[in-house]
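Geometric and topological summary
Here is what each chain is made of, one letter per residue.
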Amino acid sequence: MSYFADKQGLVADILSRYPGTPQGRRSALMPLLREVQGAEGFVSEPRMAEIAALCGTTATEVRSVMSFYSTYHTLPTGQYHLQVCSTVMCALAGSDELWDELVSQLDVQPGEVSSDGRFSVQKVECLGSCGTAPVIQLNDGGYYERVTQARCRHLLAELRQGRPPAPDAPVPVMVNSAGRQVTASGEAVGAGTASLRPLSAGGQP
């Protein structure tokens, strides 16, 4: 069954946000993807084709856009979808070891859902919280910061009891006027714009 068949008002509202041109129509692709994923948890091939038709493009282009953003899923995810930042800053702070602990505890790999339907995992690109690495994001909610292997085990124990701990930081991450990341407690972490220095022609400060 078509997802948007009985949601023409919603489709019209989304399309009205963009110019009434072919390019403008294609701009509605991402909010339409978000609508489907919010309702169904992932975007299947039939839904990609449906969105492509609404936007005047191809299912291949829809999949291409989805592949660029780790927030979109082409496969079902668990009730608790745990995303581990895997870029350099988090890796240096121990995200590889954190990932190993996570998949070992849950016995799942990317694209899989645990047998009870509760857990899925994913490595993602930078979550923008480099000052508090390593970081885990739960579903589309906030971040758990500076997650050690011991804290990872505690987080999983709470999730298994249906008690998701409050995240350390909301999304999006806050940045102060000096360009430094600010945690939920008000702590400024990481480097700011004041620490930037121009390079000479030879590549040295």
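Structural data are supplied above this passage.
These notes cover the structure that comes with them. All values derive from a computational prediction rather than experimental measurement. (Residues numbered from 1 in each chain as written. Predicted model: local features only at pLDDT ≥ 70, side-chain atom pairs only at ≥ 80, totals over all residues. Heavy atoms only, no water.)

The next thing to look at is the packing of helix α3 (residues 29-40) against helix α4 (residues 45-55). In the contact formed by α3 and α4, the axes pass within 10 Å of each other and the chain directions differ by 150 degrees. By the angle between their directions, the pair α3 and α4 is classed as roughly antiparallel. Crossing geometry of α3 relative to α4 is assigned as right-handed. Between α3 and α4, the contacting residues are L29, L32, L33, V36 and E40 on the first element and R47, I51, L54 and C55 on the second. The residue inventory of the contact of α3 with α4, partitioned by class, reads 7 nonpolar, no polar and 2 charged. (Axes fitted to C-alpha atoms, helices over the stretch in contact; angles between N-to-C directions. Helix = DSSP H or I, 4+ residues; strand = E, 2+ residues; numbered from the N terminus. Parallel < 35°, antiparallel > 145°, perpendicular 65-115°, else oblique. Left-handed = near helix turned anticlockwise from the far one by under 90°. Contact = heavy atoms within 4.5 Å. Nonpolar A, V, L, I, M, F, W, Y, C, P; charged D, E, K, R; others polar.)

Our focus in this paragraph is helix α8 (residues 149-160). Structurally, the α-helix is built with 3.6 residues per turn, so residues lying three or four positions apart point the same way. Its 12 residues place the ends of α8 17 Å apart at the C-alpha level, agreeing with the 16 Å of an ideal helix rising 1.5 Å per residue. Along α8, the residues that are buried comprise C152, L155, L156, E158 and L159. With its buried residues spanning 160 degrees around the axis, α8 presents them on a single face. Against the buried residues of α8 lie β1 (80-85), α7 (95-106), β2 (119-124), β3 (136-138) and β4 (143-144). Positive phi shows up at G162, right after α8, with a value of about 75 degrees. (Expected span 1.5 Å × (residues − 1). Buried < 20%, exposed > 50% of the residue type's maximum accessible area, 1.4 Å probe, protein only. Arc of directions from axis to C-beta.)

Our next topic: the side chain of S129. Positionally, S129 belongs in the loop between β2 and β3. Exposure remark for S129: the relative accessible area of 3% places this residue in the buried category. A polar side-chain atom of S129 sits 2.6 Å from a polar atom in the side chain of T132. Among the polar contacts made by the side chain of S129, one reaches the side chain of E145 at a distance of 3.5 Å. (Polar contact = N/O pair within 3.5 Å; in protein donor to acceptor, adjacent residues only side chain to side chain.)

This part covers the sheet that holds β3. Ordered in space as β2-β1-β3-β4, the 4 strands form an open sheet in which the pairing is mixed. Sheet topology places β2 and β4 at the edges, where each strand pairs with a single neighbour. As paired elements, β1 and β2 share 6 bridges and run parallel to each other. Within β2, the position partnered with Y80 by the bridge is F119. Strand contacts of α7: β1, β2 and β3, with the helix running at about 160 degrees to β2, the strand carrying the most contacts. (Pairing = 2+ DSSP bridges.)

A few words now on the packing of aromatic side chains. Using the criterion set out here, one finds 4 aromatic pairs in the structure. Consider the rings of Y3 and F4, whose centres lie 4.8 Å apart with planes at 85 degrees: the pair is edge-to-face. Comparing Y3 with F4, the two get one shared label, buried. Each ring, one from Y69 and one from Y72, has its centre 6.1 Å from the other, and the planes form 85 degrees; the classification is edge-to-face. Judged by its relative accessible area of 32%, Y69 is partly exposed. K7 extends its terminal NZ or CZ atom over the ring of Y3, reaching a point 4.1 Å from the ring centre. (Phe/Tyr/Trp six-rings, centres within 6.5 Å; stacked < 30°, edge-to-face > 60°. Lys NZ or Arg CZ within 6 Å of the ring centre and 35° of its normal.)

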